[in-house]
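Per-entry structural report
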Amino acid sequence: MKFSKIKQHIYSKIASGEWPENHPVSSENALANQFSVSRMTARRALQELADEGLVIRSKGSGTYVAPLKSQTSFMAIRNIADEIRARNHDYEAHVHTLKQVPASLQVAEQLGLEPGAPVFYSVIAHSENGLPVQVEERYVNPMVAADYLRQDFTYITPHEYLSAVAPLTEASHQIEAVTPSAQVCDWLELTKPEPCLRIIRRTWSDAGVVTYAVLTHPGSRFVLGGHLTFKP
């Protein structure tokens, strides 16, 4: 699609450093002329980039490159590796833990299991350009994803694997600001605690509850945004 070519052009300018933070981005008219598209198409490309947190649009003063923090879309469930690569940045995963554990009372309640029942547990730090931007602590129902512990999560993400074996039908979210524990600071490579955003997520497939996950993002490396369209 033509608007995707405009987005890729701007991605490349930002990723290469040619357009640093706060650099002005070409106007809708300029992009429309450059790519031989309508102004509406150019506007769509810029709006999507703004929704992704890569640019900031200001009425009357134009569009500018946003501070290059990690971002994700509000309430969307997306593959973090794809989001990072879409910004032409390097993605890497470090698996800290991948094992079977007995379900605590809280985990059992979240997964609909009996306390003490075996569950799969993983801790993975997702990095963008060598810097951790998310720690994913995930508990998985073995009855839904029996081969979870056999996966190489440096090659595929849990999201990719689970989407293949237990396609998502429902999800719930709880979002809160937290001060990270010493362990989370270590996983995120923070030299000292800083405000973090924590997303607690449960997901379901047709087979039942699949996972209970806690996603922690350092505030200095993360932007949460989105764009909603309301129909009358």
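Described in the following lines is the structure provided in the data block. (Residues numbered from 1 in each chain as written. Predicted model: local features only at pLDDT ≥ 70, side-chain atom pairs only at ≥ 80, totals over all residues. Heavy atoms only, no water.)

**Digging into the sheet that holds strand β9 (residues 196-205)**
The criterion, for reference: Any two strands with at least two DSSP-identified bridges between them are counted as paired. For helices the rule is a DSSP run of H or I covering at least 4 residues; for strands it is a run of E covering at least 2, with both sets numbered from the N terminus onward. Here an axis means a line fitted to C-alpha atoms, over the contact stretch when the element is a helix, while the angle between two N-to-C directions is reported on a 0 to 180 degree scale. Two residues form a contact once any of their heavy atoms are found within 4.5 Å.
If you walk across this open sheet you meet the six strands as β5-β6-β7-β10-β9-β8, and the pairing is antiparallel. Looking at strand neighbours, the two that pair on one side only are β5 (91-102) and β8 (170-178), the edges of this open sheet. On average, each strand axis in the sheet is tilted by 15 degrees relative to the strand beside it, whichever way the strands run. Taken together, the nine bridges between β8 and β9 define a ladder with antiparallel strand orientation. Counted as the bridge partner of S172 is R202 from β9. Helix α6 (residues 158-165) contacts β6 (118-128), β7 (131-140) and β10 (208-218) of the sheet and is inclined by roughly 35 degrees relative to β7.

**Here we look at the sheet that holds strand β3 (residues 62-65)**
With antiparallel pairing, the three strands of this open sheet are ordered in space as β1-β3-β2. Edge positions in the open sheet fall to β1 (24-25) and β2 (55-58), since each of these has one partner strand only. Two elements, β1 and β3, share two bridges in a ladder whose sense is antiparallel. From the neighbouring strand, V25 faces β3, where its bridge partner is T63. Each of β1, β2 and β3 touches helix α3 (residues 39-51); the most contacted strand, β2, lies at about 115 degrees to it.

**Overview of α6**
As a reminder of what qualifies: Remark: exposure states derive from per-residue accessible area (1.4 Å probe, protein chains only) relative to the maximum for the residue type, with buried under 20%, exposed over 50%, and partly exposed in between. Throughout, the arc means that of the directions going from the helix axis to the C-beta atoms.
Every buried residue belonging to α6 is among P158, Y161 and L162, and all of these are buried. Axial view of α6: buried residues confined to an arc of 90 degrees, hence all on one face. Tucked into the core, α6 has its buried residues touching β6, β7 and β10.

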